[in-house]
Amino acid sequence: MDIKDVAIVVLAAGNARRFGADKLMADLDGSPLGVRAAAQMAQLNAAAHIAVCQPDAAITPHYLKLGYTIAENRHAESGLSGSLHLAVEAAAQTEAQALVILLADMPFVELAHVAALIAGCD
């Protein structure tokens, strides 16, 4: 599969209740934890880059700066399934034929891993 046929989606609308604070804005080597994987994926020439965030989330400007389109999850209490639904809806508005879903709180997902995953989907 060609990367130009894939939408990269970062799910970033969780409440981080167990963390006790805004986990995505927690410092990781000088930048927000929730930006690390998204910044790497922004380097891919994908059909779209989408971040699913709660309205007015502190992390949203970081994703916009990286070129991501924001899909607002106004009902984050619906859980992961609500964010996935929004991700699919947003990707359906693009030329993408497939999705790669990443969780914003998994900062060590590397560009090479995702590129290999996409390349292996022929």
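Residues numbered from 1 in each chain as written. Predicted model: local features only at pLDDT ≥ 70, side-chain atom pairs only at ≥ 80, totals over all residues. Heavy atoms only, no water.

Mind laying out the nonpolar core, listing which residues take part and the relevant values?
In terms of nonpolar packing, the biggest core is built from 23 residues, with Ile8, Tyr63, Tyr68 and Val114 touching the most fellow members. Secondary structure elements with two or more residues in this core: strand E1 (6-12), helix H1 (36-41), strand E4 (48-53), strand E6 (98-103) and helix H4 (111-119). Broken down by element, the residue count for this core peaks at four residues, all from E1. Discounting chain neighbours no more than four positions away, the residues touching Tyr68 are Ile8, Val10, Ala38, Met41, Ala42, His49, Ile50, Ala51 and Tyr63. In this structure, Val9, Ala48, Ala87 and Ala90 belong to the second largest nonpolar core, which totals 13 residues. (Core = buried A, V, L, I, M, F, W, Y, C linked by side-chain atoms within 4.5 Å. Buried < 20%, exposed > 50% of the residue type's maximum accessible area, 1.4 Å probe, protein only. Helix = DSSP H or I, 4+ residues; strand = E, 2+ residues; numbered from the N terminus. Contact = heavy atoms within 4.5 Å.)

Residues and numbers for unusual backbone geometry, please.
Here the phi dihedral of Asp29 falls at roughly 55 degrees; this positive angle occurs in a residue that is not glycine. As for its placement among the helices and strands, Asp29 is situated in the loop between strand E2 (27-28) and strand E3 (31-32). Even without glycine at this site, Asp56 takes up a positive phi of about 60 degrees. Within the secondary structure, Asp56 sits in the loop between E4 and helix H2 (60-65). Judged by its relative accessible area of 76%, Asp56 falls in the exposed class.

How would you explain the packing of aromatic side chains if you had to name every residue and give the values?
To describe a pair of aromatic rings, you give the distance between the ring centres and the angle between the ring planes. Taken as a whole, this structure holds one aromatic pair when the rule is applied. Ring geometry for Tyr63 and Tyr68: centres 5.9 Å apart, planes at 55 degrees, overall tilted. Both residues of the pair, Tyr63 and Tyr68, count as buried. (Phe/Tyr/Trp six-rings, centres within 6.5 Å; stacked < 30°, edge-to-face > 60°.)

Outline a nonpolar patch on the surface, supporting the account with residue identities and numerical values.
On the surface, Leu80, Leu84, Val88, Leu99, Ile101, Leu103 and Met106 cluster together to form a nonpolar patch covering roughly 550 Å² of accessible area. Elements that contribute at least two residues to the nonpolar patch include exactly helix H3 (80-92) and E6. In this fold, Leu99 is placed in strand E6. Judged by its relative accessible area of 32%, Leu99 falls in the partly exposed class. (Patch = residues over 30% accessible without salt bridge, like charges linked within 9 Å, V, L, I, M, F, W, Y side chains within 5 Å. Areas by Shrake-Rupley, 256 points an atom, 1.4 Å probe, with all protein chains shown as cover. Salt bridge = Lys/Arg side-chain N within 4 Å of Asp/Glu carboxyl O.)

Any chance you could break down the environment of Ile59 for me, citing the residues and the numbers?
Note on placement: Ile59 falls in the loop between E4 and H2. Residue Ile59 is classed as buried on the basis of its relative accessible area of 2%. Measuring from C-alpha to C-alpha, the distance between Ile59 and Asp22 comes to 9.1 Å, with 37 residues separating the pair along the chain. Once residues lying within four places of it in the same chain are set aside, the contact partners of Ile59 are Leu24, Met25, Pro32, Gly34, Val35 and Cys53.

Give me the lowdown on the sheet that holds E4, citing residues and values where you can.
If you walk across this open sheet you meet the four strands as E5-E4-E1-E6, and the pairing is parallel. Each edge of the open sheet is held by one strand with a lone partner, namely strand E5 (69-72) and E6. Each neighbouring strand pair of the sheet contributes to a mean axis angle of 25 degrees, computed without reference to strand direction. Two elements, E1 and E4, share six bridges in a ladder whose sense is parallel. When the bridges of E4 are listed, Val10 appears paired with Ala51. With respect to the sheet, H3 is in contact with E1, E4, E5 and E6, its orientation differing from that of E1 by roughly 150 degrees. (Pairing = 2+ DSSP bridges. Axes fitted to C-alpha atoms, helices over the stretch in contact; angles between N-to-C directions.)

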